[in-house]
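# Overview (structure and organization)
Letter by letter, the chains look like this.
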Amino acid sequence: MFDGLLKKLLIALCIGAQAFALWADVDVPLTQAEKTAQAEAAAEKEAEARKVKVAELQTNPRMAEESRIVAYCLERMHYLRTPIKRLNPSEVIDAYLDDLDPARLFFLKSDVDHIKERFAPTLDVFLQQGNLLPAFSIFQIYRDRVRERCEWVEARLKEPFDFSVEESFKPDRKEAPWIETREQADALWQQRLKFELLNESLAPNRGKKADAKKEAEKTAKADTDSSKKEKKEKVEPKTFEERLAAAEENLSKRYARFLKSTDEIEATEVQEVYLNSVAAIYDPHSGFLSPYFLDEFDISMRNSLVGIGAVLSEKDGYCTIRELVSGGPAARSGQLHAGDKIVGVAQGEDGEMTDVVGVKLRKVVRQIRGKKGTVVRILVQPAEGDPSERSIITMERDEIKLTDNLAKAKLFEVPAENGETVKVGVIDLPSFYGAGENDERAGTSEDVKQLIQKLKEKGMQSLVLDVRRNGGGYLNEAIDLTGLLVAGGPLLQVRDTAGKVQELRDRMKNALAWNGPLVLLVSKMSASATEIVAGALQNHNRAVIVGDSKTHGKGTVQAVYPFENLMPKQKGAAKVTIQKWYLPDGNSIQVKGISSDIALPSSLDALPIAEGDLKRALPWDAIPALKLDARASSGVAANSVSDELLKDLGEYSAARRERLPEFSVLDEQVNWNRSQAERKEFSLLRAQREKERAEDTAVRDRLDDELDELAASNYKSEEFKLSVVDTQPAFNPDEVEPEEGEDAEFAKKPVFDIRLREGLRVAADWYALSAQPPSKETAADIVAQKTEQPR
């Protein structure tokens, strides 16, 4: 018996210390050789796993057929009718590389040169065959570079950073040359990491004074109520070093997540990026709609969607707000704007904030959407100001009904320059929507006709159509709306791929809804169908255009070709530009847009958000003009826009800009926003950045305070609703709704809309000029007599 036990013990001793440790459940440190062997085995296993993923990046028959259809639609259906073989292959590759690596941070110049040398000669053949080998091979190089860089970042974040060195970083690298060497890449990434760490670790910005006070009140309330769970978003006093440590940890997780996300990208997603890059060579509005994005397109055409009411897009790795839906939770918050970046999302009042920088757009969208009545919190980096600024916006998800985005109206009492008070109606038109399929809701033109009638019954003397936030919509509704305001004649010309020109005329004969003074209030965001209305009204001398120097400039038409028409049960589509729009005078809307008759200062003029700022936008051109054969109408003729009228209205407006304090505030606000938009370089010196942030906050707070004071002089107004929403509570964009439990001091804060106010005054002046008997006194004489009193 003893011999048997001794034998077992000797066997155990002979199999080594590591095995014995396992048998005896005792930890024994590994030798360096054993650690190295284990690490190599783990790396080999990981490499094998990655090889499987790379092997999955292959063109299957369905993807090949989809790719061939997209190429066919671009060649045969696109307005340019350019064959694939005539495309510059180097330009196609550049577009794809820029879509994969927009900040030019991962690819080296040697990679780019190798890719072009290998694929440029035969790229057109691959495209016409539907073979995605170039897309997958290039993406594999990108994925390798991402892994190498993320491993470098992980190691670099473990070393200290010096924020007392005077250096700077330019985050916008879209036009930068490709990096030549790995040493240059390391130096650039060293700066990028410092920039990101500063953005994450600088003292939280309180924003407006009112917001700071509200935050303090919330914090005090939470401190005194021990039964409540402490809010995640409460600002805790931390030193810069503590915040820096948290930022380093956050960045480490962010790049690990980015690497994982890149490794998990599937073949269909690579196909989507690649085909959209190819389509973008034709123009920025053509593309490949994958099943996911086709669903998104369908959602945008439906009556409702539960969410926050924001149109999101991906820009340089950030989920960016492209526009807000009127009446949605995002718009009602009064704290979100186009261009803001969503850098974090949290669920509920106390859920953990999840960093979403570098996360796929569709995943971010899924996090933001949810059940009606549930709470979502988003961490936002404002579009303007220092990139280190952050604010948390809490919203309750709601059903975004189309009725929230319908036309709405108000009637204002506005003093004209001659001292007369004029009743000016305003119709806010956020989009050109169609009639409902499953309800009795009318389309845009019928709704506007209804609102005009209500305003006329209340004695409206002049009308303002506010389309500053209108990005377009249904063409037929735009034409019909114009017909309500123009007494017949041609309204638009459309030229197709074959060069054939179609003339679109007023279909609403004898249905003139308003023949009085008309002002169209526009911005650089007014686009597409909105520009058709503005251009037609301007061509017919029917309206005075007031607002930004010019509108967006989108004068093209897109058609969607579903794959299921050729491939049964196959979801997806090709979106192709097929036509261009021209005004009755023959001028294209494309790129140039519609110029305002009376231009007002605007921060948007400095932002690269117009059609002409997009790469490869179709050029402006012109075709022969049409004869404007408007029907004779004394009412319309009396309210036509003449050169003399424009001169008088322009002089009145210019004089107000000289004497009214609100325009001084507007000029300063525009100049500050423009300087922020044009800023390309940021200091990596901590003290300098903290100083700049303090100065920016002080400027914004002061301007906000001045606007709050001016809001006390807002014109008296009455609101009108459409019958379909008359029984529903409507969102008023002129008020910021208070959060539950807030003090009355912050409730229903009025907005002082300087541009709307000036549009109202222009409309009032037009009525006063047309209603008064002829006088020898000129507009200049009246202006000279004016005092410094605000109006």
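Going by the structure above, here's the rest.
What counts and what doesn't
- Numbering of residues starts from 1 in each chain and follows the order in which that chain's sequence is written.
- Restriction of local features to residues with pLDDT of at least 70 applies here, the model being predicted, together with a cutoff of 80 or more for giving and counting side-chain atom pairs; totals for whole chains, interfaces and linings are based on all residues.
- Side-chain metrics rest on all non-hydrogen atoms present in the structure, leaving aside hydrogens and water.
- Only DSSP runs of H or I reaching four residues or more are called helices, and only runs of E reaching two or more are called strands; each is numbered from the N terminus.
- For this analysis, residues touch if any pair of their heavy atoms sits within 4.5 Å.
- Each accessible area value is a Shrake-Rupley result obtained with a 1.4 Å probe; residue values ignore everything except the protein chains displayed when judging cover.
- By convention a nonpolar core is built from buried Ala, Val, Leu, Ile, Met, Phe, Trp, Tyr and Cys residues, the set being connected through side-chain atoms within 4.5 Å.
- Only protein chains enter the accessibility calculation, which uses a 1.4 Å probe; a residue is then buried when its area is under 20% of its type maximum, exposed when over 50%, and partly exposed in between.
- For two strands to be treated as a pair, DSSP must find no fewer than two bridges joining them.
- Stacked, tilted and edge-to-face are the three classes assigned to paired rings of Phe, Tyr and Trp, where Trp is represented by its six-membered ring and a pair needs centres within 6.5 Å; plane angles under 30 degrees give stacked, over 60 edge-to-face, the rest tilted.
- Whenever Lys or Arg places a side-chain nitrogen within 4 Å of a carboxyl oxygen from Asp or Glu, that contact is recorded as a salt bridge.
- Whenever a helix is involved, its axis is fitted only over the stretch in contact; in every case the axis is a line through C-alpha atoms, and angles between N-to-C directions fall within 0 to 180 degrees.
- Orientation labels follow simple angle bins: below 35 degrees gives roughly parallel, above 145 gives roughly antiparallel, 65 to 115 gives roughly perpendicular, and whatever is left gives oblique.
- In this scheme, a crossing is called left-handed if the near helix is turned counterclockwise away from the far one by less than a right angle; it is called right-handed if the turn is clockwise.
- Each residue gets one label: Ala, Val, Leu, Ile, Met, Phe, Trp, Tyr, Cys and Pro are nonpolar, Asp, Glu, Lys and Arg are charged, and the others, such as Gly, are polar.
- Polar contact is the term for a pair of N or O atoms within 3.5 Å; when the atoms are in protein, one must be able to donate a hydrogen and the other to accept it, and sequence-neighboring residues count only if both atoms are side-chain atoms.

### Thoughts on the overall build of the protein chain
From N to C terminus, the protein chain includes 24 helices and 24 strands. Counting only contacts in the protein chain whose residues sit at least 6 apart along the sequence, the fraction spanning at least 24 positions is 78%. Element-wise, carbon and sulfur atoms account for 52% of the exposed surface of the protein chain, whose accessible area totals about 37,900 Å².

### Digging into the nonpolar core
Counting 76 residues, the largest nonpolar core has F107 and Y274 as the members making the most contacts within it. Ranked by residues supplied to this core, first place goes to helix 8 (residues 133-156) with nine residues. In contact with F107, not counting residues within four places along its chain, are L97, L100, D101, V112, I115, I138, I141, Y142, W178 and I179. In terms of nonpolar packing, the next biggest core, distinct from the first, is built from 46 residues, W514, L537, V557 and F720 among them.

### What to know about unusual backbone geometry
Residues other than glycine seldom take positive phi values, yet V591 does so here, at roughly 70 degrees. By the element assignment, V591 lies in the loop between strand 19 (573-582) and strand 20 (598-599). In this structure, R616 is a non-glycine residue whose phi angle is positive, near 60 degrees. Structurally, R616 can be placed in the loop between strand 20 and helix 19 (634-638).

### Regarding the pairing of strand 19
Counting buried residues in strand 19 gives eight out of 10 residues, a clear majority hidden from the surface. Relative to strand 19, strand 2 (residues 287-289) is paired through three bridges, and the arrangement is antiparallel. The partner of F288 across the bridge, within strand 19, is A574. Here strand 14 (residues 490-496) pairs with strand 19 via four bridges, running antiparallel. The residue bridging V494 from the neighbouring strand is W581, located in strand 19.

### Let's talk about the packing of aromatic side chains
Taken as a whole, this structure holds 14 aromatic pairs when the rule is applied. With a centroid separation of 5.4 Å and an interplanar angle of 55 degrees, the aromatic rings of F106 and W189 are classed as tilted. Placement of F106 in the loop between helix 5 (89-100) and helix 6 (109-119) and of W189 in helix 9 (residues 182-201) is noted, with a sequence separation of 83 residues between them. With 5.8 Å between their ring centres and 70 degrees between their planes, W189 and Y255 make a pair best called edge-to-face.

### Notes on the side chain of T82
Checked against the element boundaries, T82 lands in the loop between helix 4 (61-76) and helix 5. Note on T82: relative accessible area 17%, which makes it buried. For T82, the residues in contact, after removing those within four places along its chain, are L74, E75, L87 and Y282.

### A look at the pattern of salt bridges
Inspection of the entire model under this criterion finds 45 salt bridges. When the shortest N-O distance is used, the salt bridge between K647 and E651 registers 2.9 Å. Residue K647 and its partner E651 are both found in helix 20 (residues 643-659); the two are separated by four residues, about one turn of the helix. A salt bridge links E758 to R761; the nearest nitrogen and oxygen atoms lie 3.0 Å apart.

### Some points on the packing of helix 17 (residues 475-483) against helix 18 (residues 529-539)
Interaxial distance between helix 17 and helix 18 falls to 9 Å at its minimum, and their mutual angle equals 25 degrees. Accordingly, the angle class assigned to the pair helix 17 and helix 18 is roughly parallel. Along this stretch, helix 17 crosses helix 18, giving a crossing that reads as right-handed. Contacts between helix 17 and helix 18 pair L475, A478, I479, L481 and T482 from the former with A529, I532, V533, A536 and L537 from the latter. Considered class by class, the residues forming the contact of helix 17 with helix 18 number nine nonpolar, one polar and no charged.

### Quick word on the sheet that holds strand 13 (residues 462-466)
Pairing is mixed across the open sheet formed by seven strands, whose spatial order is 20-17-16-13-12-11-22. Only two strands of the sheet have a single neighbouring strand rather than two, namely strand 20 and strand 22 (717-720). Pairing between strand 13 and strand 16 (residues 518-522): four bridges, direction parallel. Bridged to V464 within strand 16 is V519.

### Re the environment of W620
As for its placement among the helices and strands, W620 is situated in the loop between strand 20 and helix 19. Each C-alpha atom of the pair W620 and Q590 lies 5.2 Å from the other, and the pair is 30 residues apart in sequence. The residues touching W620, leaving out its near neighbours within four places in the chain, are N587, S588, Q590, V591 and K592. Here the side chain of W620 touches S588 through a polar contact of 3.0 Å, landing on its backbone oxygen.

### Some words on the side chain of K194
Relative to the elements of secondary structure, K194 occurs in helix 9. K194 gets classed as buried once you look at its relative accessible area, which sits at 2%. The residues touching K194, leaving out its near neighbours within four places in the chain, are F161, D162, F163, V165, E167 and L684.

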